[in-house]
Amino acid sequence: MRILKTGICAMLLFCCVFANAQNEKQLIVQTKHVSLVLTVGKNNRVYQSYFGKRLLNNADYARLNSTKHEAYITGGMEDQFEPAIKVTHTDGNPSLELNYVSSSSNPSGEDMTETVINLKDPKYPVEVVLHYQAFAQEDVIKAWTEIKHGEKSPLLLNNYASAMLHFDAKKYWLTHFHGDWALEMKMQEDELTTGNKIIDSKLGTRADMYEAPLFMLALNKQADETSGEVVAGSLAWTGNFQFQFEMDEHNSLRLISGINPVASEYHLDAGKTFTTPAFIFTYSNEGKGQASRNLHKWARNYGIVDGNKSRMTLYNNWETTDMKFDQNLLVGLFDDVNKLGADLFLLDDGWFGNKYPRNNDKAGLGDWQENKAKLPGNIEYLVKQAEAKGIKFGIWLEPEMVNPKSELYEKHPDWILKLPNRDENYQRNQLVLDLTNPRVQDYVYSIVDNMMTNNPGIAYIKWDCNRTMSNTYSPYLKDRQSQVYVDYTLGLYHVLDKVRAKYPHLLMMLCSGGGGRTEYGALKYFTEFWPSDNTDPLERVFIQWGYSNFFPSITISAHVTQWSKTATIKYRTDVAMMGRLGYDLSIKKLTDAEVQFSKQAIKNYNRLNSVIWYGDLYRLISPYEEDRAVLMYVNDAKSKAVLFNYFLNTRYKAQFNVVKLQGLDPQKNYKIEEINLMDGIKSNFNDSGKIYSGDYLMTVGLNLSAGKIIPQTSNVIEITQQ
Ligand code: DGJ
């Protein structure tokens, strides 16, 4: 192998420019265990020659000579399948050819290397830049594209994928996640057949209410948690997305990821650069579990705000009070926060609006002044009272929306997305503000900034978004209506960039009427997300399981509530403890024993949360396969682990096998202790207090189902190195 150029010494490991046996230039995007090899063909086009497990010897890459799959296929030329990019030039020519111009590999810190490939049309002044950031330790690649041109009039971008990947496997199994309000992240796995399978959304604001921009693709055979080749991918875009999986007659699969080309033709002015959102992906040849752990690690290190810092156990009033409260009632609830030993009180919807008080969801949205009848002392009083009682205070906002019954609507009818000559279309009685308009962006930013400036003590913001976009038209964009979905999201990012520049560490929850916005484009500004309004623990086992494929537990807010009328406080708590624990229930409705249990559970959680938040997740038994779910988190040192066992609606005389643990050190001994026990609730675990080797636990396993199983019971087991 001939090395054409290398970066500094460390980069020999993670990026290289080589020549293959045909003396073609090879660009190797490489992490600790994964390689993506791109080859510049003799015709100057760039091809994907390999993607998968990193080869042991760099010299072997020289043997790859495949120039079969162009890396970023252009529309209008000789390829007759779906292109990654399609443009229409000023003269009406609907084709693009992209030739290699130059490339570079730039290390940034010890972990990340960015490979940049500059491409250009030989006949038209259009340039495309492919970016690949390789995160060595996380085995994650982040890919995106920039497009610019020097034509006389705007270039029309018809499709503009973030990235394209090619696979040549025998078979393909696609796992995707779909749902609805209160039914998020239903996991579905199917074998792909020839033709084009599209997973997408067209909802605008509530980006992924029906389909999440997340998938796992198993190659050759179906993967499980510990075996099989898997690509896990995610588009970081808070808007309409599309994944296309197109399998041709030779069994080759091309994957195109990006902004949904539906309703998004973009007029790119000369000299301006269009930057696509990032496609974030990983590869594992050790099954889905490893793919998830890669993404979790990447998210904590790069994908979310302060992913390696602490979080608070919060108490939310939404399910307890709805919008019916006043300041005395709220201050009374602060005492409940203290009784539980939680950290923060989060005031939800209903605190604002005077001309049109926000007493229900029909009025007031957009008028962010404290309602004088409910909060005569303003938010300031509440923050002071919280401080006096030794807890933190957080607040709910829904800055992108407006009720027609509001002063904002009366003052600025031109700030609202709605079709001319058509009736307004409402969801939850509200409309979406036109965030393509810079004045509206400023206004939305000012909602947060005024709140924080007036009340610097606020420690947490819940940012909600309760409708999708429909009958969408922007008064601001005028003749560029096809850009409204894209420019809306860019406008939102502009606002969030400003918020984060001024308040870099503020805890912020991303919420969209439950989990309508759960993706890494928005999460880069947030510390956590609200996965679903459905907090029935039985449902949450499935919902949280789904999210756990892509998001670390520190991001998954999980609250103990009164949604379920039958589940015990223990079951509700144990399920919430696998995520970022919180509460949303009236403790007046709890018995003394339930309050005592909850206090102890919070103490346990505080002792173990670093394992749950930053540890490695091992999903041991899937609720999709048995009437139970078992998972565990293990810390880096493999000295502490926490195991969660949840029985679902088990049948009469249900029988379950022993469960083999994962992720422990076989050489170490561990003490196994059941915690979160509650008087009157029988446990099916008889081995608490015993000591086992890691080898035994992972080879023989633990019996978590001794005796008669009672539906909707659970165990939390603390595992400690001796
Ligand atoms: C939807 C959210 O998902 C709920 O948690 C709550 O904040 C309501 N909005 C308030 O309107």
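Small disclaimer: the values here were computed from a predicted structure and weren't measured.

Chemist: For the overall build of the protein chain, give the residues involved together with the corresponding values.
Modeler: Secondary structure assignment for the protein chain yields 13 helices and 38 strands. Residues counted as buried form 63% of the 722 residues belonging to the protein chain. For the protein chain, the share of sequence-separated contacts (at least 6 apart) that also reach a separation of at least 24 residues comes to 67%. Looking at the protein chain, you have 78 positive and 84 negative side-chain charges, and the mean spots of the two groups are 3 Å apart.

Chemist: Just give me the short version of the site of the ligand, but keep the residues and values in it.
Modeler: Taken together, 13 residues surround the ligand, and among them Asp348, Asp349, Lys462, Asp464 and Asp533 come closest. In this structure, aspartate 464 approaches the ligand through a side-chain N or O atom, which is 2.6 Å from a nitrogen atom. Between aspartate 533 and the ligand, the recorded distance is 2.4 Å, taken from a side-chain N or O atom to an oxygen atom. Expressed as a share of its isolated accessible area of 290 Å², the protein-covered part of the ligand is 97%. Its residues assigned to classes, the shell around the ligand comprises four nonpolar, three polar and six charged.

Chemist: How would you sum up the side chain of serine 103? Please name residues and give values.
Modeler: Within the fold, serine 103 resides in strand β8 (residues 99–108). By relative accessible area, serine 103 is classed as buried at 14%. Separated by 2.6 Å, the side chains of serine 103 and tyrosine 100 make a polar contact.

Chemist: Give me the sheet that holds strand β29 (residues 507–510): which residues, what numbers.
Modeler: As summarised here, the arrangement of the eight strands in space is β30-β29-β28-β25-β24-β23-β32-β31, forming an open sheet in which the pairing is parallel. The open sheet is flanked by β30 (528–529) and β31 (557–561), the only strands paired with a single partner. Strand direction decides the pairing type here: strand β28 (residues 458–463) and β29, joined by four bridges, are parallel. Considered in β29, the bridge of lysine 462 is made with methionine 509.

Chemist: Describe the packing of aromatic side chains, with residues and values.
Modeler: If you walk through the whole model with that rule in mind, you get 42 aromatic pairs. Ring geometry for tyrosine 520 versus phenylalanine 551: centroids 4.9 Å apart, planes at 50 degrees, classification tilted. Within this pair, whereas tyrosine 520 is found in helix α9 (residues 520–523), its partner phenylalanine 551 is found in the loop between α10 (537–548) and β31, the two being separated by 31 residues in sequence. Neither residue differs from the other here; tyrosine 520 and phenylalanine 551 are each classed as buried. With 6.5 Å between their ring centres and 85 degrees between their planes, tyrosine 571 and tyrosine 646 make a pair best called edge-to-face. Here tyrosine 646 lies in strand β35 (residues 640–647) and tyrosine 571 lies in helix α11 (residues 569–576), a separation of 75 residues in the sequence. Accessibility assignment for this pair places tyrosine 571 and tyrosine 646 in one class, buried. One aromatic cluster in this structure is built from Phe51, Phe167, Phe215, Phe241, Phe243, Phe245, Phe279, Phe281 and Tyr283. The ring of tyrosine 445 has lysine 498 sitting right over it, with the charged end atom 4.5 Å from the ring centre. The ring of tryptophan 530 carries the charged tip of arginine 540 above its face, separated from the ring centre by 4.8 Å.

Chemist: Describe the nonpolar core, with residues and values.
Modeler: Across soluble globular proteins, nonpolar side chains have a tendency to be buried as a group. Leu217, Leu347, Trp351, Ile379 and Phe393 are the most contacted members of the largest nonpolar core, which totals 196 residues. If we skip the residues at most four places from it in the chain, tryptophan 351 touches Phe325, Trp368, Gln369, Glu370, Asn371, Leu375, Ile379, Ile395, Trp396, Leu397 and Met451. One finds Tyr670, Tyr692, Leu704 and Ile719 within the second-largest nonpolar core, a separate group that totals 20 residues.

Chemist: Give me the lowdown on the environment of isoleucine 256, citing residues and values where you can.
Modeler: Examined against the element boundaries, isoleucine 256 turns out to sit in strand β19 (residues 252–259). Each C-alpha atom, one on isoleucine 256 and one on tyrosine 72, is 9.1 Å from the other, the two residues being 184 residues apart in sequence. Ignoring anything within four residues of it in the chain, the contact list for isoleucine 256 reads Glu82, Pro83, Ala84, Ala161, Ala163, Met164, Gln242, Phe243 and Gln244.

Rules behind the numbers
Residues numbered from 1 in each chain as written. Predicted model: local features only at pLDDT ≥ 70, side-chain atom pairs only at ≥ 80, totals over all residues. Heavy atoms only, no water. Helix = DSSP H or I, 4+ residues; strand = E, 2+ residues; numbered from the N terminus. Buried < 20%, exposed > 50% of the residue type's maximum accessible area, 1.4 Å probe, protein only. Contact = heavy atoms within 4.5 Å. Lys, Arg positive; Asp, Glu negative; His and termini not counted. Charge placed at Lys NZ, Arg CZ, Asp CG, Glu CD. Near = heavy atom within 4 Å. Polar contact = N/O pair within 3.5 Å; in protein donor to acceptor, adjacent residues only side chain to side chain. Areas by Shrake-Rupley, 256 points an atom, 1.4 Å probe, with all protein chains shown as cover. Nonpolar A, V, L, I, M, F, W, Y, C, P; charged D, E, K, R; others polar. Pairing = 2+ DSSP bridges. Phe/Tyr/Trp six-rings, centres within 6.5 Å; stacked < 30°, edge-to-face > 60°. Lys NZ or Arg CZ within 6 Å of the ring centre and 35° of its normal. Core = buried A, V, L, I, M, F, W, Y, C linked by side-chain atoms within 4.5 Å.

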